[in-house]
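Analysis of the macromolecular model
Listed below are the residues making up each chain.
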Amino acid sequence: MEVCVVGTGYVGLVTGTCLAYLGHSVVCVDIDERKIEMLRGGRSPIYEPGLDQLIASGIQRGNLKFSTDISKPVKESEIIFIAVGTPPLQSGRADLSYVKAVAQSIGRALDCERRRVIVNKSTVPIGSGNWVGMLVKEGLSENPAWLDKLSSAANAPTADLAANRRSNGGRPEDLFLVASNPEFLREGSAISDTFYPDRIVIGATDAYAAERLRALYEPIVEQTFTPPASAPRPADVAVIPVVTTDLASAEMIKYAANAFLATKISFANEIANICERVGADIKEVVRGFGLDSRIGPKFLNAGVGWGGSCFGKDVSALIDIAREYGYEPALLHSTVDVNKRQRHVAVQKLQESLKIIKGKTIGLLGLAFKPNTDDLRDAPAIEIASELIEMGARVKAYDPIANDACRRQYPELKIEYAADAMALAKDCDAIVIVTEWEEFRYLDLNQIGQAMNAKAIIDGRNLLDPQAVEEAGFKYRGIGR
Ligand SMILES: NC(=O)c1ccc[n+]([C@@H]2O[C@H](COP(=O)([O-])OP(=O)(O)OC[C@H]3O[C@@H](n4cnc5c(N)ncnc54)[C@H](O)[C@@H]3O)[C@@H](O)[C@H]2O)c1
């Protein structure tokens, strides 16, 4: 199928690239010329394991293209994805200005040759499917091909009028339908998540739109494709469930999923804070209650809190949606409050350990909001670094991937970037593990300790074995243990 993906970020780029791998003909569109230039050269502007190779093979096969111009790919495509950002406004409400601009441009660009399905893949508030439909129609009102079609339909002999209407002679729904197809991929394992999702959610008011999307995803649903080397098929993957539902429910499924996951982590952090006070170990506690099949062990790691581009903004947006309808979602407020408080736990532990922060050198291991990505959006490290700098500390940081992104995106943050963990340790009075990169599990603590000024580790992700760290002569503080 011919597909256009508008918005070439973490979601759009991975979606477009994977669809091309499956054999569809895909054009990814973005307004960011630098990104498109890089992509045309076969380089990914984001760090995502395995993505570079898939982009290169799509370009080589000739069915993955990149463009800054929306109108040609919209005309040539049967399925048009909207995958632009929906960042939070100050109020917590989702900023829909990018979605709006794209929906109107699609309306202006459509031709009348065939029926299209416009798919909201961005995470959008409930009702956005209908709203996008309205905006595309607004775009149509400036679309010469559509206006021509309308006037020829109006001028047709009366006998032809009914036939004309049936053959797309004046009804926008014959030209396009809007569907919702929320995305659940995780940065760091985005390709595998796209090829082997837990489920595919399709929201549509019209059976035709649902059927076309189902056809697009057929190779994934039936698992009929040959897996790429970078994303082998897990042994337990069989047919992928497809949840076909109405637009509002599809939109809500995405918010419910993220709100639940954020709540699960905040719950683990709440229990960790109590564990710490009563002398229990959160790792042991989670091992015990996570084995309950009704609960499950995932997303129960205590630490310095959740971050990233989605949890914070989606929970805030859901709170905003509830309020718009006169409902105060107490549990969601607590999820956010617990997380805000948790961000400060690392600094509190540094104070307990070092007493004086002013003039001390603190090393942050990890900047990205989670491992295997360079995404710094709402990353706890940024807040921790800012707080420490404000308190008068000298802050050093090392992230295996995100140093450059941080330098570029936060030029005002006076962080000294280190090339590796050893360079980071030099002269530090304490090290804080902020992101659970795998390599941090295997630090050479003896060498690290020798480079440091004083031997203290705040393990903000409970990554290390406390006993081993203490045996290496460090003061160790984890979260909830
Ligand atoms: N990042 C994730 O892990 C993730 C997971 C699931 C869902 N989502 C949702 O998917 C959506 C996209 O997220 P993302 O992380 O990929 O965002 P992103 O910021 O990485 O990418 C968005 C892209 O859209 C482009 N864009 C903006 N306006 C445009 C326009 N008018 N025309 C063309 N391109 C335009 C931007 O230049 C940018 O490249 C959001 O709603 C997000 O909540 C994200």
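Before reading further, recall that the structure is shown in the block above.
The present account deals with the structure reproduced in this document. (Residues numbered from 1 in each chain as written. Predicted model: local features only at pLDDT ≥ 70, side-chain atom pairs only at ≥ 80, totals over all residues. Heavy atoms only, no water.)

It is worth spelling out the sheet that holds strand 12 (residues 430–433) at this point. Pairing is parallel across the open sheet formed by 6 strands, whose spatial order is 11-10-9-12-13-14. With partners counted over all chains shown, the strands left at the sheet margins are strand 11 (415–417) and strand 14 (475–477), one partner each. Ignoring strand direction, the axes of neighbouring strands in this sheet form an average angle of 20 degrees. The sheet contact formed by strand 10 (residues 394–398) and strand 11 spans 3 bridges and is parallel. (Pairing = 2+ DSSP bridges. Helix = DSSP H or I, 4+ residues; strand = E, 2+ residues; numbered from the N terminus. Axes fitted to C-alpha atoms, helices over the stretch in contact; angles between N-to-C directions.)

What follows is about the sheet that holds strand 5 (residues 116–120). A sheet is described by the order of its strands in space; here 8 strands give the open sequence 3-2-1-4-5-6-7-8, paired in mixed fashion. The open sheet has two edge strands with one neighbour each: strand 3 (64–67) and strand 8 (242–245). Between one strand and the next, the sheet's axes are offset by a mean angle of 25 degrees, whatever the strand orientation. Across 4 bridges, strand 4 (residues 79–82) lies against strand 5 in parallel orientation. The residue bridging Ile 82 from the neighbouring strand is Asn 120, located in strand 5. Across the sheet, helix 1 (residues 10–21) is in contact with strand 1 (2–6), strand 2 (25–29), strand 3 and strand 4; its angle to strand 2 comes to roughly 165 degrees. Each of strand 1, strand 4, strand 5, strand 6 (176–180), strand 7 (200–204) and strand 8 touches helix 11 (residues 207–216); the most contacted strand, strand 7, lies at about 155 degrees to it. (Contact = heavy atoms within 4.5 Å.)

Next up on the list: the site of the ligand. As a matter of local geometry, the ligand sits amid 26 residues, with Asp 30, Lys 35, Thr 86, Glu 187 and Lys 313 nearest to it. Between an oxygen atom of the ligand and a main-chain N or O atom of Val 11, the distance comes to 2.8 Å. One of the backbone N or O atoms of Ile 31 is found 3.5 Å from a nitrogen atom in the ligand. Starting from 830 Å² of accessible surface for the ligand in isolation, the protein chains cover 88%. Of all elements in the fold, only helix 1 and helix 5 (97–109) reach the threshold of two or more residues within the shell around the ligand. (Near = heavy atom within 4 Å. Polar contact = N/O pair within 3.5 Å; in protein donor to acceptor, adjacent residues only side chain to side chain. Areas by Shrake-Rupley, 256 points an atom, 1.4 Å probe, with all protein chains shown as cover.)

Assignment of secondary structure puts Ile 200 in strand 7. Given the relative accessible area of 7%, Ile 200 is considered buried. In sequence terms Ile 200 and Gly 85 are 115 residues apart; their C-alpha atoms lie 20 Å from each other. Dropping the residues within four chain positions of it, Ile 200 is found in contact with Asn 181, Tyr 217, Ile 220, Val 221, Ile 240, Pro 241, Val 242 and Val 243. (Buried < 20%, exposed > 50% of the residue type's maximum accessible area, 1.4 Å probe, protein only.)

Let us now look at helix 6 (residues 128–140). For helix 6, with 13 residues, the first-to-last C-alpha span of 18 Å sits near the 18 Å given by 1.5 Å per residue. Those residues of helix 6 that sit buried are Ser 128, Gly 129, Val 132, Gly 133, Leu 135, Val 136, Gly 139 and Leu 140. Here the buried residues of helix 6 occupy an arc of 165 degrees about the axis, which is enough to place them on one side. (Expected span 1.5 Å × (residues − 1). Arc of directions from axis to C-beta.)

The next subject is the pattern of salt bridges. For the coordinates displayed, the defined rule picks out 30 salt bridges. The closest approach of N and O atoms between Asp 111 and Arg 116, which form a salt bridge, is 2.9 Å. In this structure Asp 111 comes out as buried when scored by relative accessible area, which is 15%. Residue Arg 116 is classed as buried on the basis of its relative accessible area, which comes to 0%. Salt bridges linked by common partners bring Glu 78, Glu 211 and Arg 212 together as one network. (Salt bridge = Lys/Arg side-chain N within 4 Å of Asp/Glu carboxyl O.)

Attention now goes to helix 2 (residues 33–40). Among all positions in helix 2, only Lys 35, Ile 36, Met 38 and Leu 39 are buried. Summarising the axial view, the buried residues of helix 2 lie within an arc of 160 degrees, below the 170-degree limit, and thus occupy one face. When the buried face of helix 2 is taken as reference, the exposed residues oriented beyond 90 degrees from it are Glu 33 and Glu 37. The opening residue of helix 2 is Asp 32, an N-cap whose side-chain oxygen sits 3.1 Å from the backbone nitrogen of Arg 34. Where helix 2 terminates, the next one or two residues include Gly 42, which has phi positive at roughly 85 degrees.

With the rule as written, the count across this model stands at 8 aromatic pairs. Between Phe 195 and Tyr 196, the aromatic rings sit 6.3 Å apart at their centres with planes inclined by 55 degrees, giving tilted as the arrangement. With a relative accessible area of 0%, Phe 195 lands in the buried category. Overall, Tyr 196 belongs to the buried group, its relative accessible area being 7%. Among the aromatic residues, those joined into a ring-pair cluster are Tyr 21, Phe 195, Tyr 196 and Phe 225. (Phe/Tyr/Trp six-rings, centres within 6.5 Å; stacked < 30°, edge-to-face > 60°.)

Closest axis-to-axis distance for the helix 13 (residues 247–278)/helix 16 (residues 330–343) pair is 9 Å, and the angle between their directions is 55 degrees. Judged by the angle between their axes, helix 13 and helix 16 are oblique. For the pair helix 13 and helix 16, the sense of crossing is left-handed. Note on element contacts: helix 16 touches helix 13 through Leu 331, Leu 332, Thr 335, Val 338, Asn 339, Arg 341 and Gln 342, opposite Ala 259, Ala 262, Thr 263, Ser 266, Asn 269, Glu 270 and Asn 273. Looking at side-chain class alone, the contact of helix 13 with helix 16 contains 5 nonpolar, 7 polar and 2 charged residues. (Parallel < 35°, antiparallel > 145°, perpendicular 65-115°, else oblique. Left-handed = near helix turned anticlockwise from the far one by under 90°. Nonpolar A, V, L, I, M, F, W, Y, C, P; charged D, E, K, R; others polar.)

None of the figures reported here should be taken as evidence of function without further support.
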